[in-house]
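Notes for the structure review
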Amino acid sequence: MSERTIEKVLELDVTVDRVWRAITDPAELARWFGDEAEFDLRPGGDAFMTWKNHGRYAMRVEEVDRPRRLVWSWVHDPGVAFEDAPATRVEWTLTPREGGGTTLRLRETGFRTDLHYRQNTEGWDAELGELVTLLSS
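From a predicted model like this one, the values you see are computed outputs, not experimental measurements.

**Some remarks on the environment of Trp-74**
Its location among the elements puts Trp-74 in strand β5 (residues 69-75). You can call Trp-74 buried: its relative accessible area is 8%. On a C-alpha basis, the gap between Trp-74 and Arg-60 in space is 6.4 Å, while along the polypeptide they are 14 residues apart. Here Glu-108 takes part through its side chain, which lies 2.9 Å from a polar atom of the side chain of Trp-74.

So this is what it looks like as structure tokens:
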């Protein structure tokens, strides 16, 4: 079985601090990633993302290195406790670009099925498109 890894790179024309706020502040997350967000931004902190059409997904914060790196894991099924379901790991790395702006790298690993891998690949394309729109407004 081959490794299922999603990797996305965005070149953004905003500061690292602005991108960090967009990926960690619950009010900001709800503007581009889901409809509601709860986020305890500390290692071991619980978080949840809710999509009205898909449900509420449990997350757990693993690493926080403000404003450069964030790692969290989340379950694939809505309405399931974090401890009761398989999870994938999402790593965010923010790097200032020479001349201004930020390079955002997203990496998601730990997929057990091709279906979840495909769904999240398509989902990240859509969600990151919304992030780009938010950050360019």
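**Examining the packing of aromatic side chains**
A complete count under the given rule lists 15 aromatic pairs for this structure. Look at Phe-33 and Trp-51: their rings are 5.2 Å apart centre to centre, the planes differ by 85 degrees, and that puts the pair in the edge-to-face class. Placement of Phe-33 in the loop between α2 (26-32) and β2 (36-39) and of Trp-51 in strand β3 (residues 46-51) is noted, with a sequence separation of 18 residues between them. With respect to class, Phe-33 is no different from Trp-51; both count as buried. Centroid distance Trp-51 to Tyr-57: 5.7 Å. Interplanar angle 80 degrees. Geometry classified as edge-to-face.

**Let's talk about unusual backbone geometry**
Cis geometry is adopted by the peptide bond preceding Pro-67, which originates at Arg-66 and carries an omega value of -5 degrees. Positionally, Pro-67 belongs in the loop between β4 (55-65) and β5.

**Here's the deal with helix α3 (residues 114-135)**
For α3, built from 22 residues, the straight-helix expectation of 32 Å at 1.5 Å per residue is met to within 8% by its first-to-last C-alpha distance of 31 Å. Inspection of α3 places His-116, Asn-120, Trp-124, Glu-127, Leu-128, Leu-131, Leu-134 and Leu-135 among the buried residues, and these make up the whole buried set. For α3, the angular spread of the buried residues around the axis is 110 degrees, confining them to a single face. Projecting away from the buried face of α3 at angles above 90 degrees are the exposed residues Glu-122 and Thr-133.

**Regarding the pattern of salt bridges**
Tallied over the full model, the rule gives 17 salt bridges. Of the charged contacts in the structure, one is a salt bridge between Glu-7 and Arg-107, with a shortest N-O distance of 3.6 Å. A residue pair is termed long-range when its members are at least 10 positions apart, and Glu-7 in strand β1 (residues 6-12) and Arg-107 in strand β7 (residues 102-109) qualify at 100 residues. On the basis of relative accessibility, which here comes to 57%, the residue Glu-7 falls in the exposed class. Owing to a relative accessible area of 33%, Arg-107 belongs among the partly exposed residues under this scheme. With its nearest N and O atoms 3.0 Å apart, the salt bridge here joins Glu-63 to Arg-69. Accessibility expressed as a relative area gives 22% for Arg-69, which makes it partly exposed.

**Looking at the side chain of Glu-127**
Turning to its location among the elements, Glu-127 is positioned in helix α3. An unpaired buried charge is present at Glu-127: no salt bridge exists, and Arg-31, the closest side chain of opposite charge, is 12 Å distant.

**A short note on the pairing of β7**
Side-chain direction in a regular strand flips from residue to residue, so the side chains alternate between the two faces of the sheet. Within β7, six of the eight residues are buried, leaving the element largely enclosed by the surrounding structure. Of the pairings in the sheet, the one linking β1 to β7 comprises seven bridges and is antiparallel in character. Bridge assignment links Lys-8 to a residue of β7, and that residue is Leu-106. Bridging between strand β6 (residues 87-96) and β7 involves eight bridges; their strand directions are antiparallel. Paired with Trp-92 across the two strands is Leu-106, which belongs to β7. As consecutive antiparallel partners, β6 and β7 are separated by five residues, and within that stretch Gly-99 has a phi angle of approximately 90 degrees, a positive value.

Analysis parameters
Residues numbered from 1 in each chain as written. Predicted model: local features only at pLDDT ≥ 70, side-chain atom pairs only at ≥ 80, totals over all residues. Heavy atoms only, no water. Helix = DSSP H or I, 4+ residues; strand = E, 2+ residues; numbered from the N terminus. Buried < 20%, exposed > 50% of the residue type's maximum accessible area, 1.4 Å probe, protein only. Polar contact = N/O pair within 3.5 Å; in protein donor to acceptor, adjacent residues only side chain to side chain. Phe/Tyr/Trp six-rings, centres within 6.5 Å; stacked < 30°, edge-to-face > 60°. Expected span 1.5 Å × (residues − 1). Arc of directions from axis to C-beta. Salt bridge = Lys/Arg side-chain N within 4 Å of Asp/Glu carboxyl O. Lys, Arg positive; Asp, Glu negative; His and termini not counted. Pairing = 2+ DSSP bridges.

Shape is all these values report; function is a separate question.
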